[in-house]
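Descriptive analysis of the structure
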Amino acid sequence: MVDPEQTSPATETPAHLDPAASPAHPDRRLVLIDASVAAARTAHSLPYQTFFVQRPGSPVQDLVDDHSGFYTVDFAQDSGPGDSGLGDSEPEASVPEAFTDFVTQVLRPLVPMAVVGLSPAGQRAAAVANSLLGTSGIATEDLERLTQSPPATAPSGGRLGTSGNRTPKPAALFVNHHSYAHFQRGGRHFLPTSELDVHLVTRNQFHGGVRGLEQNPVTQVSMCDPEEEDRWRAACEWTLRTHPVGRVIAVHERAVLLAAEMRSKFGLPGMDFETATLFRDKLRMKEAVRASGAAVVPDFSALDSPADLMNVDWSTGRKVIKSRWGLAAKDLFMVDTLDEARDLVAGLDLSGAHYGIEEFVTGQIYHCDSVVQNGEIRFSSVARYLTDPAGYRPGGIFGTVLVRDGDLAKRITELSAAVLAALGIKDGTTHLELFHTPADELVFCEVAGRPPGGVIPPVIEWQYGFNIVEAQIRLDAGLDIRLGTDPAAPGGGTCGFLAFYPGGGETRAIAPARLAELGVVEHIATSGAGNGRGGVRHSTDFLDSYVIKAPDDDTLLRRIDDLQDEYRR
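Residues numbered from 1 in each chain as written. Predicted model: local features only at pLDDT ≥ 70, side-chain atom pairs only at ≥ 80, totals over all residues. Heavy atoms only, no water.

1. Description of the overall build of the chain
For the chain, the helix and strand inventory stands at 15 helices and 22 strands. The burial tally for the chain puts 55% of its 569 residues in the buried class. In the chain, 68% of the contacts between residues at least 6 apart in sequence involve partners at least 24 apart. Here the chain displays about 22,800 Å² of accessible surface, and carbon together with sulfur accounts for 49% of that area. (Helix = DSSP H or I, 4+ residues; strand = E, 2+ residues; numbered from the N terminus. Buried < 20%, exposed > 50% of the residue type's maximum accessible area, 1.4 Å probe, protein only. Contact = heavy atoms within 4.5 Å. Areas by Shrake-Rupley, 256 points an atom, 1.4 Å probe, with all protein chains shown as cover.)

Written as structure tokens, this is what we have:
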């Protein structure tokens, strides 16, 4: 299942792939409240993993390093600039109840060594936190270095979001596993902060969680390591319990299930947990599709122990073993015999209902991407992959071309509609993949309850005039959507993309002066592609991607061939 994963530039093994480097002292956690930039820089030089608790409006990017945690919290009854430190003698009387909830729900699971306040208000809040947590403290010399830094002052520009006297806006929680800059396109940002107060729970800075935030600020930020799901859940639950949030937004595969869990737990509109599970757990997904008769489904079964391999008919040939919860064609393996399968699963952790096994299907892979509103499919586009998404390799290529008319496109659209009805989606976007076999049969592969990844959204935008990622955000937020060109009567021409994976010898981008002649309307370069060791991490780990337009299908395919030849020349 194609889904984007963007990382920072890397010339060595990225830290998130190398446990020895991320971070140096994960068992020594330090929480700083109301840190100045100078104090933050001092903290980064100390042997701790640092978590910042700041007033809304603090300059996030100036405070965090790659592995910091960050939370914006109102931790003082008087949280305005110029706090003199005067007030109630009891610290508990000077902090909001929401802050004590934050300490118990979010900070306690971190098990920090100490909580240190770096302003008068921060010191009072830290005293409350240390009392609640029973923290032991840090080395005296480290504490002295931190507290000798200049005191924190409120930054100019006010809150991360809009402040002052204003008409209250609806509030939404955005659970985000992309780089924040991912949502900046064509001089505008997809996140509608002029219409919403956005509470952002996002990845830490190594993964670009707040890179670009200053161009489109939000009301509140929480930053977590991508792999620490319990931290994400704690931050989400605290936000929903202590703020008037009425919607939950998610566009990344890794965020879909958590966002749905929060909606179900707090009674909020949008895709609920049961429906989201059908779009994430590939075994339950196929069971529901088969039971409904919506599509032909390859034979499949759970793979929870090596003994389950004996339930498979090995006389029918190749099988696929893959994660029931995987994305971007990761954790996917092909086996031809029972012995091969036994050797493979000996190295897999089969606990936790994580894997399944199914028949290998021979055929061309297509995808159908849709927008659903109030249970009605408002938009669908069909496209054909140029290569198998599971075949990514160093130096390889990937791409897709739109299939805009004809009987096959109609059949695929109808199959997608039947599957979406079977799974019960009411509002959102979907990305369905299927096989077209040599016998002209359509066989269901899988479907995701989120926008397509990689370069598919730009292709749809160039062809139909709207961005499908933005449509997902606005649907989740309960806002109006604009879908651009009617797909039943689209504008002229057709569109696709060609992408190149890193590695595989000498490669080079194409000179900008040549792009127009080759039909390229957009070039997307990713400086952080690859795993730092000459490998490719997943199916959308592209080094260079080119969106191509053409007047017809034959010209589009010819331009794709020409582009590939020129890129390798």
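Let's pick the thread back up.
2. A closer look at the packing of aromatic side chains
Under the definition given, this model contains 15 aromatic pairs. Ring geometry for Y385 and F398: centres 5.2 Å apart, planes at 35°, overall tilted. With a gap of 13 residues between them, Y385 in strand 16 (residues 376–385) and F398 in strand 17 (residues 397–402) connect regions that are remote in the sequence. Residues Y385 and F398 agree in their burial class; the two are buried. Centroid distance F500 to Y546: 6.2 Å. Interplanar angle 80°. Geometry classified as edge-to-face. Linking F500 in strand 20 (residues 494–500) with Y546 in strand 22 (residues 544–550), this pair joins segments that are 46 residues apart in sequence. Y546 shares its class with F500; the two are buried. (Phe/Tyr/Trp six-rings, centres within 6.5 Å; stacked < 30°, edge-to-face > 60°.)

3. Description of the state of the cysteines
The tally for this structure, following the rule as stated, stands at zero disulfides. Looking at C224, it has no disulfide partner, and the nearest cysteine sulfur is the one in C236, 7.6 Å off. Owing to a relative accessible area of 4%, C224 belongs among the buried residues under this scheme. (Disulfide = S-S within 2.5 Å.)

4. Remarks on the pattern of salt bridges
Tallied over the entire structure, the rule returns 33 salt bridges. Put simply, E522 and R185 hold a salt bridge, and the shortest N to O gap is 2.6 Å. Note that E522 is positioned in strand 21 (residues 520–525) and R185 in strand 6 (residues 184–185), a separation of 337 residues in sequence. Both residues of the pair, E522 and R185, count as buried. Salt-bridge contacts for E261 lead to R233; the nearest nitrogen and oxygen are separated by 2.8 Å. Taken together, the residues span a long stretch of sequence, with E261 in helix 7 (residues 253–266) and R233 in helix 6 (residues 229–242) at a distance of 28 residues. (Salt bridge = Lys/Arg side-chain N within 4 Å of Asp/Glu carboxyl O.)

5. Here we look at the packing of helix 3 (residues 97–107) against helix 4 (residues 120–133)
Between helix 3 and helix 4, the shortest axis-to-axis distance is 10 Å and the interhelical angle comes to 45°. Taken together, the axes of helix 3 and helix 4 lie oblique to each other. The hand of the helix 3/helix 4 crossing is right-handed. The segment helix 3 lies against helix 4, with F99, T100, V103, T104 and L107 engaging A125, V128, A129, L132 and L133. The residue inventory of the contact of helix 3 with helix 4, partitioned by class, reads eight nonpolar, two polar and no charged. (Axes fitted to C-alpha atoms, helices over the stretch in contact; angles between N-to-C directions. Parallel < 35°, antiparallel > 145°, perpendicular 65-115°, else oblique. Left-handed = near helix turned anticlockwise from the far one by under 90°. Nonpolar A, V, L, I, M, F, W, Y, C, P; charged D, E, K, R; others polar.)

6. Details of helix 7
Here helix 7 spans 21 Å end to end across 14 residues, near enough to the 20 Å set by a 1.5 Å rise per residue. Along helix 7, ten of the 14 residues are buried, which leaves the element largely enclosed by surrounding structure. Within helix 7, the full set of buried residues consists of E253, A255, V256, L257, L258, A259, A260, E261, M262 and R263. The secondary structure elements touched by the buried residues of helix 7 are strand 5 (171–176), helix 6, strand 10 (245–249), helix 8 (273–280), strand 19 (442–448) and helix 13 (468–477). One or two positions beyond helix 7, positive phi appears at G267, with a value near 65°. (Expected span 1.5 Å × (residues − 1).)

7. Quick word on the nonpolar core
Within the largest apolar cluster, 41 residues are counted, with the highest numbers of intra-cluster contacts made by I33, V53, Y71, F99, F102 and V175. Counting residues per element, the ones that place at least two in this core are strand 1 (29–33), strand 2 (49–54), helix 3, helix 4, strand 5, helix 6, strand 10 and helix 7. In this structure I33 touches V53, Q54, F75, F99, V115, V116, G117, L118, S119, G122, A125 and A126, once residues within four positions along its chain are discounted. The next biggest cluster of nonpolar side chains, apart from the first, holds 38 residues, and it includes Y48, L146, M223 and V251. (Core = buried A, V, L, I, M, F, W, Y, C linked by side-chain atoms within 4.5 Å.)

8. Overview of the pairing of strand 17
For strand 17, the tally of buried residues reaches five of six residues, placing the bulk of the element in the interior. In the sheet, strand 16 pairs with strand 17 via three bridges, with the strands oriented antiparallel. In the strand pairing of strand 17, R384 is matched with V401. Of the pairings in the sheet, the one linking strand 17 to strand 20 comprises five bridges and is antiparallel in character. Note that in strand 20 the partner of V401 across the bridge is G496. (Pairing = 2+ DSSP bridges.)

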